[in-house]
Amino acid sequence: MLKEQLEDVERRIQAACDRSGRNREEVTLIAVSKTKPAEMIHEAYQLGIHVYGENKVQELAEKYEVLPKDIQWHMIGHLQTNKVKYIVDKTALIHSVDSLKLAETIEKEAAKRDCIANILIEVNVAEEETKFGLKIDEVIPFIQKVAKLPHVRIQGLMTIAPYVENPEENRSIFANLHKLSVDIMNKNIDNVNVSVLSMGMTNDYEVAIEEGATMVRIGTGIFGARNYNI
Ligand SMILES: *Cc1c(COP(=O)(O)O)cnc(C)c1O
């Protein structure tokens with residue numbers, strides 16, 4: 001089942017790339033493994049998937065310990081400052097930076113370990129009250145501050161679009177995040193590269209790819225529905 005679902009996702013990613021004239025290599029598939037057991041990740045690993053996304057610090061740290069060391073772990077969930085220390089040297093990329101306090105904590109913990117932390121800025125493009133992330137207007141001033149932190153490297157932007165019946169409804173959200181990244185690039189801020197656009201989930205990743213996503217975060221489409229009651 002996992003194999004077939006992965007093949008289906010892969011086919012759709014390729015088709016979305018073809019439709020929008022993009023190379024498949026421009027889009028990284030992040031398999032969102034939250035709530036799923038390590039054995040299932042191991043199965044996906046053996047099918048060639050080496051990039052995983054988790055949204056809870058403890059779960060990420062536990063899976064990190066038991067799974068192969070060449071896995072790239074992405075922190076995609078809201079991150080509390082007091083938990084940064086548990087994952088800062090275990091993650092390839094933190095997708096959910098949305099406050100100066102969090103960025104400064106990442107700086108401090110990365111400096112202690114003499115490593116560079118790669119981050120994305122989370123943007124609440126849809127301005128949903130229930131979601132984390134900066135508003136579009138807040139992003140450039142925020143980036144100008146974070147760019148001064150020597151152990152933090154901004155790589156791009158991330159957004160979580162609303163759940164919608166028809167993924168076309170999210171197209172303008174993805175287009176707006178893309179446009180924001182172009183505006184930032186045009187400012188040529190030192191130490192800032194925003195070439196990564198993490199956008200698109202099971203329900204809307206094809207539209208996101210058509211609008212320029214370079215990372216798609218897919219859970220249900222690969223691993224099946226999640227059970228939060230176990
Ligand atoms: C859970 C989650 C996903 C994956 O969602 P699916 O709809 O299962 O693909 C993607 N991004 C974030 C931030 C998530 O928390």
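Residues numbered from 1 in each chain as written. Predicted model: local features only at pLDDT ≥ 70, side-chain atom pairs only at ≥ 80, totals over all residues. Heavy atoms only, no water.

## What about the layout of surface pockets?
- Quantified by volume, the largest pocket comes out at close to 400 Å³.
- Along the walls of the largest pocket sit 22 residues, with Lys 34, Ile 160, Met 201, Arg 217 and Arg 226 positioned nearest its centre.
- Estimates place the volume of the second largest pocket at around 190 Å³.
- Of the residues contributing to the lining of the second largest pocket, the split by class is 6 nonpolar, 2 polar and 2 charged. (1 Å grid on protein atoms, 1.4 Å probe; cavity = no way out; pocket = protein on both sides within 12 Å on 5 of 7 lines; lining within 4 Å. Points joined across faces, edges and corners; volume = space filled by probe spheres on them. Nonpolar A, V, L, I, M, F, W, Y, C, P; charged D, E, K, R; others polar.)

## Remarks on the site of the ligand
- All residues adjacent to the ligand are Val 32, Lys 34, Ile 76, Ile 160, Met 201, Thr 202, Arg 217, Ile 218, Gly 219, Thr 220 and Arg 226.
- Between an oxygen atom of the ligand and a side-chain N or O atom of Thr 202, the distance comes to 2.4 Å.
- Between the ligand and Arg 226 there is a distance of 2.8 Å, counted from an oxygen atom to a side-chain nitrogen or oxygen.
- With respect to the pocket detection grid, the ligand is positioned in the largest pocket. (Near = heavy atom within 4 Å. Polar contact = N/O pair within 3.5 Å; in protein donor to acceptor, adjacent residues only side chain to side chain. Sits in = over half its atoms within 2 Å of the grid points.)

## Brief notes about the packing of aromatic side chains
- Per the counting criterion, the structure on display carries 1 aromatic pair.
- Their ring planes at 40° and their centres at 5.8 Å tell us that Tyr 52 and Trp 73 sit as a pair that is tilted. Of this pair, Tyr 52 sits in strand β2 (residues 51–54) while Trp 73 sits in strand β3 (residues 72–75), and the two are 21 residues apart along the sequence.
- Using a relative accessible area of 0% as the deciding quantity, one classes Tyr 52 as buried.
- Look at Trp 73 and you get buried, because its relative accessible area is 1%.
- For the cation-ring pair, Lys 69 lies above Tyr 64, with the distance from its terminal atom to the ring centre recorded as 4.5 Å. (Phe/Tyr/Trp six-rings, centres within 6.5 Å; stacked < 30°, edge-to-face > 60°. Helix = DSSP H or I, 4+ residues; strand = E, 2+ residues; numbered from the N terminus. Buried < 20%, exposed > 50% of the residue type's maximum accessible area, 1.4 Å probe, protein only. Lys NZ or Arg CZ within 6 Å of the ring centre and 35° of its normal.)

## Describing the pairing of β3
- Note: β2 against β3, 4 bridges, orientation parallel. Among the inter-strand pairings, Tyr 52 is bridged to a residue of β3, identified as Trp 73.
- For the crossover that starts at β2, traverses helix α3 (residues 57–66) and ends in the parallel β3, the hand is right-handed.
- Direction of pairing for β3 relative to strand β4 (residues 93–97): parallel, over a ladder of 2 bridges. Across the sheet, residue His 74 finds its bridge partner in β4, namely Leu 93. (Pairing = 2+ DSSP bridges. Right-handed = clockwise from strand over helix to strand, strands pointing away.)

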